[in-house]
Amino acid sequence: MNKVSSAILRRVLLLNKRLAESTSTGIDWLFNRDTLIQSGRTWFELVHDGDLMAVRYYELPGETEIKMSDGTVMPIRRRKHAMPLVLVPPLGVTTETFDLLPERSLVRYMVAAGFKVYLIDWGKPGPQHAHLGLLEYSYDMMGLALSKIRKHSGSEDVSLMGWCMGGLLSLLYQGQAKDPHVRNIVTVASPIDLGTGSGVLGAVASVAQALDGPAQLLGSYSKLRLNTLDPALLSLPDWATTLAFKATDPIGSVTAYWDLVTRLWDREFVKSHSTTSDYLNNMRRYPGGVVKDMIKGAAIENLLAKGKMPIGEKIAELDSIESNLLAFAGESDYLVPVDAAEKIIDVVASKDKSFREAPGGHMGVIIGSAAPSMVWQQSADWLKKRSGLVKLVAEK
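Here we summarise the structure given alongside this text. What you see is a predicted model, and the numbers here were worked out from it, not measured in a lab.

**Considering the overall build of the chain**
Check the secondary structure of the chain and you find 14 helices and 12 strands. The buried share of the chain, reckoned over its 396 residues, is 50%. Partitioning the intrachain contacts of the chain with sequence separation of at least 6 by distance along the chain shows that 79% fall at a separation of at least 24. Just so you have it, the chain exposes about 18400 Å², and 56% of that area is on carbon and sulfur atoms.

**Brief notes about the packing of helix α3 (residues 134-153) against helix α9 (residues 288-300)**
Where α3 meets α9, the closest approach of the two axes is 7 Å, and the angle between their N-to-C directions is 100°. By the angle between their axes, α3 is roughly perpendicular relative to α9. Between α3 and α9, the contacting residues are L134, L135 and Y137 on the first element and V290, D293 and M294 on the second. Tallied by class, residues from the contact of α3 with α9 come to five nonpolar, no polar and one charged.

**Focus on the packing of α3 against helix α4 (residues 165-177)**
At a closest axis distance of 9 Å, the pairing of α3 and α4 adopts a crossing angle of 85°. It follows that α3 is roughly perpendicular to α4 by the angle criterion. The residues of α4 that touch α3, namely those facing L134, L135, Y137, S138, Y139, M142, G143, L146 and R150, are M165, L169, S170, L172, Y173, Q176 and A177. Looking at the contact of α3 with α4 residue by residue, the class counts come to 11 nonpolar, four polar and one charged.

**A short note on the pattern of salt bridges**
Within the structure shown, the criterion is met by eight salt bridges. The residue D157 makes a salt bridge to R183 at a minimum N-O spacing of 3.0 Å. Of this pair, D157 sits in the loop between α3 and β7 (158-163) while R183 sits in strand β8 (residues 182-188), placing them 26 residues apart in sequence. Two residues, R386 and D352, come together in a salt bridge whose shortest N-O distance is 2.8 Å. Of this pair, R386 sits in the segment after α14 (372-384) while D352 is found in the loop between α12 (344-347) and β12 (353-358), placing the two residues 34 residues apart along the sequence. A residue is classified by how much of its surface remains accessible, and D352, at 26% relative accessible area, is partly exposed.

**Some remarks on the environment of G162**
You can see G162 is positioned in strand β7. Each C-alpha atom of the pair G162 and A327 lies 9.8 Å from the other, and the pair is 165 residues apart in sequence. Beyond its immediate sequence surroundings of up to four residues, G162 is in contact with V88, G167, V186, T187, V188 and S190.

**Details of the sheet that holds strand β11 (residues 324-330)**
Strands sit in the order β1-β2-β6-β5-β7-β8-β11-β12 across an open sheet of eight strands; the sheet is mixed. Two strands lie at the open edges of the sheet, namely β1 (44-49) and β12, each paired on one side alone. Going from strand to strand, the sheet's axes swing by 20° on average, the running direction of each strand aside. Bridging between strand β5 (residues 85-88) and β7 involves four bridges; their strand directions are parallel. What sits directly across from L85, in β7, is S159. Sitting on the sheet, α14 touches β5, β7, β8, β11 and β12, and the angle it makes with β11 is about 170°.

**Structural notes on the pairing of strand β2 (residues 54-58)**
In terms of burial, β2 is a largely internal element, five of the five residues being buried. Here β2 shows two buried faces, one formed by A54, R56 and Y58 and the other by V55 and Y57. Sheet topology places β1 next to β2; five bridges connect them, and they run antiparallel. Residue pairing for β2: D49 is matched across the bridge by A54.

**Focus: the side chain of T187**
As for its position among the elements, T187 is in strand β8. The contact partners of T187, leaving out residues within four places of it in the chain, are G162, G167, L171, L325, L326, A327 and F328.

**Some remarks on α3**
For α3, with 20 residues, the first-to-last C-alpha span of 26 Å sits near the 28 Å given by 1.5 Å per residue. Of all the bends in α3, the greatest measures close to 30° and is centred on M142. Taken residue by residue, α3 has L134, Y137, S138, M141, M142, A145, L146, I149, R150 and S153 as its buried positions. Note on α3: the residue one or two positions beyond its end, G154, has a positive phi of about 80°.

Scoring rules and cut-offs
Just so you know, the residues in each chain are numbered from 1, in the order the chain's sequence is written. Where local features are concerned, this predicted model is filtered to residues with pLDDT of at least 70; where side-chain atom pairs are given and counted, the filter is 80 or more; whole-chain, interface and lining totals use all residues. Hydrogens and water molecules were not included; the side-chain quantities draw on all heavy atoms of the structure. Runs of H or I in DSSP of at least four residues are treated as helices and runs of E of at least two as strands, each being numbered from the N terminus. Between buried and exposed lies partly exposed: a residue is buried under 20% and exposed over 50% of the maximum accessible area for its type, with that area taken using a 1.4 Å probe on protein chains only. We call two residues in contact whenever any of their non-hydrogen atoms come within 4.5 Å of each other. Computed with a 1.4 Å probe, the accessible areas rest on the Shrake-Rupley method; for each residue, only the protein chains presented here act as cover. Each axis is a line fitted through C-alpha atoms, and for a helix only the stretch in contact is used; angles between axes span 0 to 180 degrees, taken between their N-to-C directions. We call two directions roughly parallel when the angle between them is under 35 degrees, roughly antiparallel when it is over 145, roughly perpendicular when it lies between 65 and 115, and oblique otherwise. Three categories are distinguished: nonpolar for Ala, Val, Leu, Ile, Met, Phe, Trp, Tyr, Cys and Pro, charged for Asp, Glu, Lys and Arg, and polar for the others, with Gly belonging to the last. A side-chain nitrogen of Lys or Arg and a carboxyl oxygen of Asp or Glu constitute a salt bridge if their distance falls within 4 Å. Think of it this way: DSSP has to see at least two bridges between two strands before they count as a pair. For a helix, the expected span equals 1.5 Å multiplied by the number of residues minus one. Note on bend: the value at a residue is the angle between axes fitted to the seven residues ending there and to the seven starting there.

This is how it looks when you write it as structure tokens:
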């Protein structure tokens, strides 16, 4: 057989193999999609299970290393740092944010890096939770979660790491509680300065500010005032939250399905696609009370950037925060652009504080392909120097 015939034969065999694999994977994608979804597979212990909020503790029992998305492996460090790491996801998303894929899981990475990892699960809000605002989430529930974590871990000192609203909730908690045992805070793409006018949130804030004057004038002649507005009217249903997150990367949301069709033969790719799609298509209801608080304090008055924001009967004094702080922003984040996230460095009173940019948009910066080698690794390295060491921890 000559070279041309051999090349044609190899090509035919490859196409035949890919057709068979595409058919098999396509059937699973259509009728057995749950078998392709890989999120939320890391072992955890439920430390607290409340009416809405829960707390998880993660470990990697029986494993000696974890596989990363680039094909490398990371040995699991059994000598744990003394200070627990508390992961704080934003509202409106599921806990799978930090455990999306076995090879791209922030909880697995941080456990392997030697941290005692806890995660706050904000639960699945229903219409009955529409009244919940920033006070309930950032002070009541956050405070309860930390008390449960301290009891379980045996450590008063903790580190907090939050993405987007999760980082903001961490800052708001510390601004209210002034907890001396919250030693370190890491924020990723957390909105602070909405007065810049840049980014999606900045644009929304600009519109809110423009409408504030007419709204106050109307309020002086009627009972239509933001302070008296029923939070239920501002609550975002799960489908609206899904659309909002997909809007951070509208082109990617469309091209992803074309990628699926052209790579249906690649089962690992289809697993990743199915897992990510399931995550994006199952967002949570956004409480109207939080939306109301953010519109008034953050969007209209831009109080986060000014350092003090009233929350119910309390005041979150971000300008009094002295915890060590590491803040990140995504280089191509159109929801929370760099200048909106970087402002926190000017606001807090921390002596040990730094700001860094990382590749990715609003979601990519924390769960994208570059996140493990950038935000995750840099956060782990930064926290290791500020978290101490404790004796070898036996597997449970």
